Amino acid sequence: MIFTFRNKTELNVGDVLDITLRIESLIPDEDFEKNEVLDDSDYAHDYDVWFYKGDQFIGSSEFQIEAGFCPSFSDDIEEYIEEEMPQTYADITEYEVFDVDKSNYEHQTAKIRIKAIKKV
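Bear in mind that the values here come from a model prediction, so they are computed numbers and not experimental data.

**Quick notes on the environment of K115**
Link 1 in the chain: Relative to the helices and strands, K115 resides in strand 6 (residues 107-117).
Link 2 in the chain: For K115, a relative accessible area of 44% gives the class partly exposed.
Link 3 in the chain: Residues K115 and Y80, spaced 35 residues apart in sequence, show a C-alpha to C-alpha distance of 19 Å.

Have a look at this one:
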């Protein structure tokens, strides 16, 4: 997994972060052209996650899951946040997830409100 910080943004209690999870199935065109029912798990998937504070881009994560495998967060943005926040933003010790939209499997969004930050 590659995580990239665009810039060092100060995060404070009360800040809201917008998180977007994009999932792309890597299905070759020739498989689509066969007009058969495709099993999504037979193909690798690219995952991109973007973090914004307001309109300011603060970081992203990119990774690929091979065919036949499922990520530990089961393709669910809320599970991704729960699993990855401690590694991605270790200073955030408490947060609230809200405004979750999972209506489109390939493009999920959520917001988190920072409730506590580790004192340095």
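Structure shown, so let's carry the discussion forward.
**Focus on the pattern of salt bridges**
Link 1 in the chain: One pass over the structure, following the stated rule, counts eight salt bridges.
Link 2 in the chain: Taking the shortest distance from any N to any O, the salt bridge between R22 and E24 comes out at 3.3 Å.
Link 3 in the chain: Taking relative accessible area as the criterion, E24 reaches 36% and is therefore assigned partly exposed.
Link 4 in the chain: The closest approach of N and O atoms between E96 and R113, which form a salt bridge, is 3.1 Å. One end of the pair, E96, is in strand 5 (residues 92-101); the other, R113, is in strand 6, and 17 residues separate them in sequence.
Link 5 in the chain: Take E96: its relative accessible area is 31%, and that puts it in the partly exposed class.
Link 6 in the chain: Residue class for R113 comes out partly exposed when judged on its relative accessible area of 30%.
Link 7 in the chain: Each of R22, E24 and D48 takes part in one network of salt bridges that share partners.

The rules behind these values
- Residues numbered from 1 in each chain as written.
- Predicted model: local features only at pLDDT ≥ 70, side-chain atom pairs only at ≥ 80, totals over all residues.
- Heavy atoms only, no water.
- Helix = DSSP H or I, 4+ residues; strand = E, 2+ residues; numbered from the N terminus.
- Buried < 20%, exposed > 50% of the residue type's maximum accessible area, 1.4 Å probe, protein only.
- Salt bridge = Lys/Arg side-chain N within 4 Å of Asp/Glu carboxyl O.

What is shown is where atoms sit, not what they do.
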